Amino acid sequence: MNNKPQARIRGIGSYLPQKILSNSDLEKLVDTTNEWIVTRTGMNERRIATKEECTSHMGAYAARAALEKAQVTAADIDMILVATMSPDYLCPNTAGLIQTQIGATRAAALDIQAACTGFLYGLSIAKALVESGTYKNVLVIASEKMSSFIDYTDRNTCVLFGDGASAAVVSDSGKGWFVDTVRLGADGELADLVIIPAGGARHPASQETVEKREHFFRMSGKEVFKHAVRRMEMAAKECLDATGLAADDIRWLVPHQANLRIIDAIAKQMNIPDEKVYKTVHKYGNTSASSVAIALDELLQEQQLNHDDHLLLVAFGGGLTWGAALLTQT
Ligand code: UT7
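Residues numbered from 1 in each chain as written. Predicted model: local features only at pLDDT ≥ 70, side-chain atom pairs only at ≥ 80, totals over all residues. Heavy atoms only, no water.

Trainee: Give a detailed account of the site of the ligand, specifying residues and quantitative values.
Mentor: Neighbouring the ligand are 22 residues; Thr-32, Arg-40, Lys-222, Asn-259 and Asn-286 lie closest to it. Between the ligand and Arg-40, the relevant distance is 2.7 Å, taken from an oxygen atom to a side-chain nitrogen or oxygen of the residue. Between the ligand and the protein, one listed contact pairs an oxygen atom with a side-chain N or O atom of Asn-259 at 2.7 Å. Against a free-state accessible area of 960 Å², the protein chains account for coverage of 75% of the ligand. Among the elements of the structure, α2 (34–41), α6 (155–158), α8 (221–243) and α9 (260–269) are those that each provide at least two residues to the shell around the ligand. (Near = heavy atom within 4 Å. Polar contact = N/O pair within 3.5 Å; in protein donor to acceptor, adjacent residues only side chain to side chain. Areas by Shrake-Rupley, 256 points an atom, 1.4 Å probe, with all protein chains shown as cover. Helix = DSSP H or I, 4+ residues; strand = E, 2+ residues; numbered from the N terminus.)

Written as structure tokens, this is what we have:
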């Protein structure tokens, strides 16, 4: 008999700030229109954190909600993984800040930087830690305060992003969503396509970097778009091949919410009908690493799902990085 533990998501939680930034608010900030934003991205509004709401705070709120749903206490958590590209600080890590906020005193704490793919990278690491028998309960958190790094004079990027957090308790036992397969990829040759140029060791902060606005997020949108569709489709197909499932077997596709046109293109390439594709992009915009699990949390609250249902998660982001995960309800 095979006694190997099987990683499952026992509980999911999310947190979104109250404050809304609408397309008409953005029309007052940059040279854009509601019509352009809706037709090119599918976004109507996004949430923006207050000054007091930091990445760690939003992550802690999402983590508490996930712990409650999983019926696991903070003291039971062995490891906290935080996926973020907008940490409270470069040092210390955000995972440690959340560890103390939620009182997970036994937990080790590690940040992961894989931009918008961060949650899936975290899920993959959690699965490996649980299935190797190293840990029983791993808390995977994705939290982003993108508004701190967005240049609200740059219309190419400022309309796209919102703030928010999500979290999942990954355990070796209990009911939930079996993390069947995760497939990840990266291409560092294309690192320049999504970048915050200064503030790291290569270009430390200086008067010049501030004047050139190099501490803000930059993206070559059109280029990224092409890679996003191709890579997410590839990772999703790898996941299906590894499990012997077909696209028809998927109850819901839960994609990274970067752009409605990207979501529609992947669904079309994979022959997954629109009614099986879960979307939050219209109301939250792109919340980077946290987007996939925010959508997953809402989906699980809204829809009645059954034993053996399959969910396919796909994500793509700076790095470039990408990934897909197949979950099955236990
Ligand atoms: O989450 C991480 C991964 N990120 C993504 O997956 C994002 C991928 N990229 C995209 O979603 C899209 O490329 C964007 C939404 C960023 C841009 O859409 P696009 O259809 O690729 O537009 P574009 O960049 O080719 O720009 C078309 C035109 C340009 O004007 P010209 O040069 O044709 O005169 C832009 O200057 O649209 C202009 N433009 C805008 N116009 C009004 C760019 N941003 C805006 C704006 N409002 N906010």
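Trainee: Outline α8, listing residues and values.
Mentor: The terminal C-alpha atoms of α8 lie 33 Å apart, and with 23 residues this matches the ideal 33 Å at 1.5 Å per residue to within 8%. By the burial criterion, the buried members of α8 are Val-224, His-227, Ala-228, Val-229, Arg-231, Met-232, Glu-233, Ala-235, Ala-236, Cys-239 and Leu-240. Following α8 by one or two positions, Gly-244 adopts a phi angle in the positive range, close to 75°. (Expected span 1.5 Å × (residues − 1). Buried < 20%, exposed > 50% of the residue type's maximum accessible area, 1.4 Å probe, protein only.)

Trainee: Residue-level account of the domain arrangement of the chain, with values.
Mentor: On domain assignment, one finds that the chain holds domain 1 (8–174) and domain 2 (180–329). Computed from C-alpha atoms alone, the centre-to-centre distance between domain 1 and domain 2 is 14 Å. Between domain 1 and domain 2, the contact holds 45 residues from the first and 46 residues from the second. In this assembly, domain 1 and domain 2 are joined by 2 salt bridges. Elements with a minimum of two residues in the side of domain 1 that touches domain 2: β1 (8–15), α2, β3 (45–47), α5 (118–131), β6 (137–144) and β7 (164–171). Looking at the side of domain 1 that touches domain 2, the element that brings in the most residues is α5, giving 7 residues. A per-class count over the side of domain 1 that touches domain 2 returns 21 nonpolar, 15 polar and 9 charged. (Domains from an automatic or database assignment. Contact = heavy atoms within 4.5 Å. Salt bridge = Lys/Arg side-chain N within 4 Å of Asp/Glu carboxyl O. Nonpolar A, V, L, I, M, F, W, Y, C, P; charged D, E, K, R; others polar.)

Trainee: Tell me about unusual backbone geometry, and name the residues and values.
Mentor: A cis amide bond links Cys-91 with the next residue in sequence, Pro-92, at an omega value of 10°. Position of Pro-92 among the secondary structure elements: in the loop between β4 (79–83) and α4 (94–102). A cis amide bond, omega -10°, links Gly-319 with the succeeding residue Leu-320. Secondary-structure assignment places Leu-320 in the loop between β12 (310–317) and β13 (321–329). Look at Asp-308: it is not a glycine, yet its phi comes out positive at around 75°.

Trainee: Explain the packing of α8 against α9 to me, using residue names and the numbers behind them.
Mentor: A pair of packed helices can be characterised by two numbers: the angle between their axes and the separation between those axes. Between α8 and α9, the least distance of the axes is 10 Å, while the angle of their chain directions is 40°. Considering their axes alone, α8 and α9 lie oblique with respect to each other. With respect to the hand of their crossing, α8 and α9 are arranged in right-handed fashion. Residues Phe-225, Ala-228, Val-229, Met-232, Glu-233 and Lys-237 of α8 pack against Arg-261, Ile-262, Ala-265, Ile-266 and Gln-269 of α9. Classifying every residue of the contact of α8 with α9 by side-chain character gives 7 nonpolar, 1 polar and 3 charged. (Axes fitted to C-alpha atoms, helices over the stretch in contact; angles between N-to-C directions. Parallel < 35°, antiparallel > 145°, perpendicular 65-115°, else oblique. Left-handed = near helix turned anticlockwise from the far one by under 90°.)

Trainee: Summarise the packing of aromatic side chains; cite the residues concerned and give the values.
Mentor: Counted according to the given criterion, the structure contains 4 aromatic pairs. Consider the rings of Phe-161 and Phe-217, whose centres lie 4.9 Å apart with planes at 65°: the pair is edge-to-face. Here Phe-161 is found in the loop between α6 and β7, whereas its partner Phe-217 is found in the loop between α7 (207–211) and β10 (218–219), with 56 residues between them in sequence. Here the two residues Phe-161 and Phe-217 agree in accessibility, since each one is buried. Ring plane angle 75° and centroid distance 5.8 Å describe the contact between Trp-252 and Tyr-278, whose orientation is recorded as edge-to-face. Here the residue Trp-252 occupies a position in strand β11 (residues 250–255), and Tyr-278 occupies one in the loop between α9 and α10 (281–284), the gap between them amounting to 26 residues. A relative accessible area of 6% means that Tyr-278 is categorised as buried. (Phe/Tyr/Trp six-rings, centres within 6.5 Å; stacked < 30°, edge-to-face > 60°.)

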